[in-house]
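Here's the letter readout for the chains.
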Amino acid sequence: MAVEEQNVVSKPTKATVPLREGPPTSEELLVHYRAKFTWKQLRTFVNSGDLGLLKRDKTLQNRYLDWAVGITEQYGSMVDYLLNHRLQWGQRDTLSLLPSSLEDDPRFYASTTTDASPKPAPQYFTADTPPEYLSIIQNDWPYSVPPEVEHTLIWTKVAIFHPALVDEKVKARIDQDGLWGFTGSVSPPPSPSALPECLPSLAEWGTTLESMITSQKGTMEEERLVKRAGEEVDGFVRKRWDEKVWETAWFVNPPYCPVSIAWSFGTPSFANGIKMSKIVLVTGGNAGIGYELVKALASKPEVQKVYLAARSVKSGQDAQNTINAEGLKNVVAVQLDVTDPATIAAAKETIEKNEGRLDVLVNNAGISEMDKPQNATNIDVAIVRRTVETNLFGLIQTTTAFIPLLRKSPQAVILNVSTDMASNSRQAVPGAGLHVVAYNTSKAAANSYTIALSQELRAENIKVNAVTPGFTTTKLNGHAPGGKTSKDAAEILLPWALLDKDGATGLFIGEDGKEHPW
């Protein structure tokens, strides 16, 4: 049960985030150098065959050039600065102003014990290159990527383009194009045919299809040799960025590419990672707890897009526009009435076409009919029928429709928003709270469905839970006073929508985060 409250959140602005000199902070990037490309566009650019499509914000590029002049004057050359000051061989990156959310992994750091002897340098870069010959750092001057995307550099002292890896038959092609690949993606890389629709985002650089530099697709044998040339880098990326958690687009600049200032020292490979770019659907997302949950989810770095489902096109679009205006551009409205199978099917088709999968389904839509009498001895059955139609049948048919898309996710979650009054154990106690027959019955039945669903999907590691945010003042209960705000209720639900692969399943959770009696 749920109240709408417009909480004013202090957001960074150009007035509160002054521009500095040198590498930018994450706040500066967010406020002064807003991302010009989406994750999909970045993947399309990488897969286009022309790595030159990857761009840095023009204003940030000018700042970089000014900084580079000072670095050269101070250290003699950019190479000297990188080799002897910036790169931290075998150690954690402690100098970056753009820290990574990637968990530390001791396999990628050299031993600090005094008796540890350095491992011999390998002949060429492999997935198991000793950490003494690596420096993994965040790009101090990242390309124009969304804030949830991390731009990481992997520097190595050993050759990536080695004759043992690069066959002479494809050497000229790799010398021009470099190497690239993708990991952790549940959908295939964007086809180069998708490039024309992405080119408008490159208009300020004057990029056209005609200006691109790419090699013609080779024979099957040549394509196999190109893939083989990148296998060690691909293996390293898969090892460093857990595919169940991260999507990456990795690439290695051509060995003679002049755009890489340090190419003559050692060819860096860049991994642009997005931590499990979750696709989320929230039913009843245009008002109350659902609306606040949509905003909370959209603000999380691991969430790529939130589909805000609403019964009417207008109410959904109005909610989207309001949220987008607040800076959360990853919220998209979709019409979905849980009592209308046609709209459910259409919404499923839209998400499948755009995303190829669904990672999180939040069944939040519901009605209460609390403005009508709901005594057990004389309730109008029509009230029960309408309430059950939405809160139970609607939940079930929405869930079953999206199960195929959830099965395509490496980390799927189903969250059913419940209520304290769905607990039969609590309601059976003499003198218990409200006995709102239609509402309580529909929600208790939905809890029963949650149990069955969690049991069936447990073997597939799809998490299914029911969570009650507790008494919340919303339209659902006629804005009854004394309850928590919708925003506070959404914060209770939030962690249960973002469970990881080791999260709990088959539980009924109360507002205190502990198990609630069924």
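Residues numbered from 1 in each chain as written. Predicted model: local features only at pLDDT ≥ 70, side-chain atom pairs only at ≥ 80, totals over all residues. Heavy atoms only, no water.

*Asks:* What is the right way to read the packing of helix H12 (residues 381–406) against helix H14 (residues 437–457) from this model?
*Replies:* Running from N to C, H12 and H14 cross one another at 20 degrees; their axes reach a closest spacing of 8 Å. Taken together, H12 and H14 sit at an angle that is classed as roughly parallel. Considering only the axes of H12 and H14, their crossing is right-handed. From H12, Ile383, Val384, Thr387, Val388, Asn391, Leu392, Leu395, Ile396, Thr399, Thr400 and Ile403 reach across to H14, where they touch Ala438, Tyr439, Ser442, Lys443, Ala445, Ala446, Tyr449, Leu453 and Leu457. Its residues assigned to classes, the contact of H12 with H14 comprises 14 nonpolar, 5 polar and 1 charged. (Axes fitted to C-alpha atoms, helices over the stretch in contact; angles between N-to-C directions. Helix = DSSP H or I, 4+ residues; strand = E, 2+ residues; numbered from the N terminus. Parallel < 35°, antiparallel > 145°, perpendicular 65-115°, else oblique. Left-handed = near helix turned anticlockwise from the far one by under 90°. Contact = heavy atoms within 4.5 Å. Nonpolar A, V, L, I, M, F, W, Y, C, P; charged D, E, K, R; others polar.)

*Asks:* What is the right way to read the environment of Ala412 from this model?
*Replies:* The topology assignment puts Ala412 in the loop between H12 and strand S10 (413–417). Residue Ala412 is classed as buried on the basis of its relative accessible area, which comes to 3%. Separated by 86 residues in the primary sequence, Ala412 and Leu498 have C-alpha atoms spaced 9.2 Å apart. With near-sequence residues (within four places) excluded, Ala412 lies in contact with Asp359, Leu406, Asn461, Ile462 and Lys463. (Buried < 20%, exposed > 50% of the residue type's maximum accessible area, 1.4 Å probe, protein only.)

*Asks:* I would appreciate a short explanation of the packing of aromatic side chains in the present structure.
*Replies:* In this description, an aromatic ring pair is defined by two values, namely the gap between the centres and the angle between the planes. Counted under the stated rule, the structure contains 10 aromatic pairs. When the centroid spacing of 5.8 Å and the interplanar angle of 40 degrees are considered together, the rings of Tyr64 and Trp67 count as tilted. Within this pair, Tyr64 and its partner Trp67 are both found in helix H3 (residues 58–75), separated by 3 residues, close to a single helical turn. Residue class for Tyr64 comes out buried when judged on its relative accessible area of 12%. Given the relative accessible area of 15%, Trp67 is considered buried. Grouping aromatic residues by their ring pairs yields a cluster made of Tyr64, Trp67, Tyr75, Tyr81 and Trp141. Against the face of Tyr64 rests Arg56, its NZ or CZ located 4.9 Å from the ring centre. Here the guanidinium or amino end of Arg240 rests over the ring plane of Phe108, the centre of that ring lying 4.8 Å away. (Phe/Tyr/Trp six-rings, centres within 6.5 Å; stacked < 30°, edge-to-face > 60°. Lys NZ or Arg CZ within 6 Å of the ring centre and 35° of its normal.)

*Asks:* Looking at this structure, how should I read the sheet that holds strand S9 (residues 360–363)?
*Replies:* Pairing between the strands of a sheet is mediated by backbone hydrogen bonds and can be parallel or antiparallel. Reading across from one edge, S8-S7-S6-S9-S10-S11-S12 is the order of the 7 strands in this open sheet, with parallel pairing throughout. Pairing within the sheet leaves two strands with one partner each, and these edge strands are strand S8 (331–335) and strand S12 (508–509). Here S10 runs beside strand S11 (residues 463–467); their pairing, made up of 5 bridges, is parallel. The residue of S11 that forms the bridge with Val417 is Val467. Across the sheet, H14 is in contact with S10, S11 and S12; its angle to S11 comes to roughly 160 degrees. Packing of helix H15 (residues 486–497) onto the sheet brings it into contact with S9, S10, S11 and S12, and relative to S10 it is tilted by some 155 degrees. (Pairing = 2+ DSSP bridges.)

*Asks:* What exactly am I supposed to notice about the pairing of S10 here?
*Replies:* Each regular strand carries side chains that alternate between the two faces of the sheet. Of all 5 residues in S10, 5 are buried, a share of seventy percent or more. The alternating pattern of S10 places Val413, Leu415 and Val417 on one face and Ile414 and Asn416 on the opposite face, and all of these are buried. Here S9 pairs with S10 via 4 bridges, running parallel. The residue bridging Asn363 from the neighbouring strand is Asn416, located in S10.

*Asks:* What is the right way to look at the side chain of Thr468 in this model?
*Replies:* Looking at the element boundaries, Thr468 is found in the loop between S11 and H15. In terms of polar contacts, Thr468 uses its side chain to reach the side chain of Asp420, at 2.8 Å. Among the polar contacts listed, one links the side chain of Thr468 to the backbone nitrogen of Gly470, at a separation of 3.1 Å. Look past the residues within four positions of Thr468 in its chain and what remains in contact with it is Ser418, Thr419, Asp420, Ile492, Phe508, Ile509, Gly510 and Glu511. (Polar contact = N/O pair within 3.5 Å; in protein donor to acceptor, adjacent residues only side chain to side chain.)

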